[in-house]
Amino acid sequence: MGEIEGTYRVLQTPGSRLGVQKTTGVSTLEPGQNLSTAMASSPAKMHERDLPIKIKMLDNTVEVLDIESKYYGQTLLTEVYKHLNLIESDYFGIEFQNIQSCWIWLEPMKPVIKQVRRPKTTMLRLAVKFFPPDPGQLQEEYTRYLFALQIKRDLAEERLTCSDNTAALLVSHLLQSEIGDFDETEDREHLKTNQYLPNQERIEGKILEFHRKHVGQTPAESDFQVLEIARKLEMYGIRFHLASDREGTKINLAVSHMGVLVFQGNTKINTFNWSKVRKLSFKRKRFLIKLHPEGPYQDTLEFLLGSRDECKNFWKICVEYHTFFRLFDQPKPKAKAVFFTRGSSFRYSGRTQKQLVDYIKDSGMKKTPYERRHSKARASTRASNTDVPKQSVPFTEGLRTPGSPASAAAPFHSVHSSATPTPVLPIFAETSPSSLDPRASYTRIPEKNTAAPAEEAGRKLMQQPGSPMLQGLPVDHPQLSSLALKSPLGLNPTFQVNLNAAGQGSSPLLSPVLSDAGGARVEEDDEMKRKRYPTDKAYFIAKEILATERTYLKDLEVITVWFRSAVIKENAMPEGLMTLLFSNIDPIYEFHRGFLKEIEQRLSLWEGKTNAHVKGDYQRIGDVMLRNMRTLKEFTSYLQKHDEVLTELEKATKRLKKLEMVYKEFELQKVCYLPLNTFLLKPIQRLMHYKLILGRLCKHYTAEHRDFADCRNALKEVTEMTSQLQHSLIRLENFQKLTELQHDLIGIDNLTAPGREFIREGCLYKLTKKGLQQRMFFLFSDMLLYTSKGVTGTNQFKIHGHLPLHGMLVEESENEWAVPHCFTIYSAQKTIVVAASTRLEMGKWMEDLNMAIEMAKKSTEKSDMLLENSVCNRSNRSSDEVSLEQESEDDIHSSRSSLDRQSHHRANTTMHVCWYRNTSVSMTDHSVAVENQLSGYLLRKFKNSNGWQKLWVVFTNFCLFFYKTHQDDYPLASLPLLGYAVSSPVEADGIQKDYVFKLQFKSHVYFFRAESKYTFERWMEVIKRATSSPARSSLLLPKGEKDSHTD
């Protein structure tokens, strides 16, 4: 059989995670030696003849680099990265084709001429080597741009196979990035001369249809959308290696961040996760995977590749992928053998992803201000700009620090053909010879504002798609037939649901659109060209009804359209539950569609330019409200069943694994921007909003006003409904919160036990042997849980301990421990010391804890019985022992978010925001937030930008969600406001506009501009009330209702 030629021990123990293994990979570097010194100490003859190396860049330009014949691969890589001014360079590599036409990665530790057989005639090319699962992990916009070019290349080469719809959507975003907003004539001309896909003429109509919807989208946003769509495709970053299994079946092997993949054709049939793999090796043409002895697979799997070289090449790629994504640090150097060696000593020698991300974040190096613009200039004169050219300067201009050694030793020559597009790079200024930082020489040239006037830009932003159409689903389905014929919907939901998984930016709390990376700015004159709308306060109150009704209808569509299509597609929900759910919410949805049309028509007439006496008849909203509130009373029976719907849905997801999977996957879609069961509470919460808005109208009107009587009667009608449903809403909100926490906490099985009430969640620092450790605490009516943010596939929180409230005592202990805002919790099991971020936070926790302890004393049920059935891994400690337990290896890293899974879970949930902002939220805060929801158009401006951007903004669940228009189905970005302060701008802010409010958290500052004084005051009011909660007792269920809600 022969000896093993190459071996790589992946992990020592089953299930060990990133950075935990006891033995890491091995490097061929000498002890104490790094890559640079190894290069310098290698023998090289002086004055060797230079070799011209041709390298095709990602934008298809060809550069020629003159290198010495003994140059190592690392030197060539370094020169290319310097030339591109690329910081996140470890994601990239240089590849070339060998004699068998297989693509091979250039190895850093070998001379180039020993790898490339004919270096003078071979075309090397820059390519993405490591594809992270989430493009949000890429720190720099320029890196994301290069990744988008790689996706473009993969589409053209048919590596990234996908459906026609997805391909058309990707190309439409590439078009928007390269040539800007839709223009049919120019789009068709551009597609004739640029081949994005093989046979793209077949789907040209779809491409144009999608491109029409991207009006106002900046190149940076387009790049991000390309990556967001691509990363969800099964073939994202996949490079096939032809092989066969033991039975001789033809298969394809591939490697990704998660492990080794097996495909049959283009269908993935197996994944061997790194956590399951013990060792990788190859023996001639045989590739061997040794697994941990568990699961249905045999201990060693064997695959046969085409040749020894192909087998070794794939083995090397696996070694590099595992090291890059799974290890925290570079492999340690291995001492060289004295007499002989056996097998390949190849190991990855670059930085791991963890090291790369830490380097970018912690090095303090200033990022290059890189401004993405349209890659290709329009041919027409309408797009020309005499002030600032749309194209960037060529590669070779201003890219070097004059006199630098690299510049002299390895000069680049650009080689352009007529068919080659102009390269796109940052706009750079001239460099200074004294610059030491190779990136310091690049500065952004400010672009003069050429945005259209506000009204024109507003019209562009309004040209957005409507709601999704129920295409591709059986219209004769009992749950769809009536809806599909009535619903004014626009894009295939099955297609949309598959594409729109949530994707956050590099921070879990900030999306890319929230960075000042460019946007469709709306620059306005000082005398803003306001429409001649009425200025009466009643008009703006009516407009608030319209805006919030639009958002409410979109929220209902999350259930009636999107979730329905997801469960029907997978056939995941029992017929009985389907009937219960949709028979209760469909009639409400249909009613509100008609109600919204009435409000829109009335507001349109109110704003119209008709004769005054005719116009006056329509300058009111009370009659519309009264008529519809009376009709809505007929739906009270449906609303009363929401309790049963929520309970049955939760039971079914626990019982049916398929439904649970669909439920969890749906919550990751962009359209589901809140926890799914939150949308089921919206109909009852909407009644509370009607009551508040009608109350404001009645307060505004005098008793003699013609609209007053209708508004008062409408208020009376809705008050009757809310009084019937108030207790049900309190109970439902508690149950919804418990089920949400059940999904997000690991280590508790029955959080929704009868009688249990949620009181407060938030971040505290717990005293351990290692000092203060960040922990997430959850206070209920019978127990206190504390958790850490686990390194899991879903970013859930792992329970570390639980304390029953019976017999608990809380007292302030700042003086005893010399820790600010510190208090001690004594319980029957153990004693723990915790510290809050501020004195106010400490006061909130102590008040709620003491109140909950008092209520627990009066309770007849013993909390211990609930805990026995729900919480795992109980700890046995004496009551007088202060808990300073030793943290496990997993716990040490638990405060860091998992690199390769950072955005696979909703990061906008309240617990995640509390974790990152070091704050807490009570059930009272949640109830207040329900009353303080608002929607409408605002102009947004960043601290260091000049232009204003018009956005549709929705405020709910302590968070701002940003849309281009009210017609969009999912938000572009979000901004959690817990911890933010809202105020009016000060003189130093330099804001010379009316109705502007300022949001600030530490150094993060945003300005928002409203259209009127009323709207400005409303936004200030709802944000202040929802985000600044004084210490107060939590809201608990009425005593008689505690046991009425069972799981």
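Up top is the structure these notes are about.
Residues numbered from 1 in each chain as written. Predicted model: local features only at pLDDT ≥ 70, side-chain atom pairs only at ≥ 80, totals over all residues. Heavy atoms only, no water.

Engineer: For the overall build of the protein, give the residues involved together with the corresponding values.
Structural biologist: The helix and strand inventory of the protein stands at 29 helices and 32 strands. When burial is assessed residue by residue, the protein has 58% of its 1047 residues classed as buried. When contacts within the protein are restricted to residue pairs at least 6 apart in sequence, long-range pairs at least 24 apart make up 70% of them. (Helix = DSSP H or I, 4+ residues; strand = E, 2+ residues; numbered from the N terminus. Buried < 20%, exposed > 50% of the residue type's maximum accessible area, 1.4 Å probe, protein only. Contact = heavy atoms within 4.5 Å.)

Engineer: Provide a residue-level description of the packing of helix α21 (residues 676-700) against helix α22 (residues 708-744), including the pertinent values.
Structural biologist: Taken N-terminus to C-terminus, the directions of α21 and α22 make an angle of 150 degrees; their axes are 7 Å apart at the nearest point. Taken together, α21 and α22 sit at an angle that is classed as roughly antiparallel. The way α21 lies across α22 gives a crossing that is left-handed. Looking at the contact of α21 with α22 residue by residue, the class counts come to 17 nonpolar, 9 polar and 4 charged. (Axes fitted to C-alpha atoms, helices over the stretch in contact; angles between N-to-C directions. Parallel < 35°, antiparallel > 145°, perpendicular 65-115°, else oblique. Left-handed = near helix turned anticlockwise from the far one by under 90°. Nonpolar A, V, L, I, M, F, W, Y, C, P; charged D, E, K, R; others polar.)

Engineer: Tell me about helix α24 (residues 839-858), residues and numbers included.
Structural biologist: A rise of 1.5 Å per residue sets the reference length of α24, with its 20 residues, at 28 Å; its end C-alpha atoms lie 29 Å apart and thus fit the reference within 8%. Turning to α24, its buried residues are Glu841, Met842, Lys844, Trp845, Met846, Asp848, Leu849, Met851, Ala852, Ile853 and Ala856. (Expected span 1.5 Å × (residues − 1).)

Engineer: Explain helix α17 (residues 622-632) residue by residue, including any values.
Structural biologist: Among the 11 residues in α17, 8 count as buried, and that is most of the element. Of the surrounding elements, those touching the buried residues of α17 are α14 (537-570), α15 (575-606), α18 (636-640), α21 and α22.

Engineer: How would you explain the pattern of salt bridges if you had to name every residue and give the values?
Structural biologist: A complete count under the given rule lists 47 salt bridges for this structure. In this structure, the salt-bridge partner of glutamate 302 is arginine 246, at a minimum N-O distance of 3.8 Å. Residue glutamate 302 is located in strand β14 (residues 300-305), and its partner arginine 246 is located in the loop between β8 (241-244) and β9 (250-256); the two are separated by 56 residues in the primary sequence. With its nearest N and O atoms 2.7 Å apart, the salt bridge here joins arginine 627 to glutamate 598. (Salt bridge = Lys/Arg side-chain N within 4 Å of Asp/Glu carboxyl O.)

Engineer: Give a description of unusual backbone geometry that names residues and reports values.
Structural biologist: Of note, the phi angle at asparagine 957 is positive, near 50 degrees, even though the residue is not glycine. Its location among the elements puts asparagine 957 in the loop between β27 (949-956) and β28 (959-963). Look at asparagine 957 and you get partly exposed, because its relative accessible area is 28%. Phi at lysine 1002 is positive, roughly 55 degrees, even though this residue is not glycine. Considering the arrangement of structural elements, one finds lysine 1002 in the loop between β31 (996-1001) and β32 (1004-1009).

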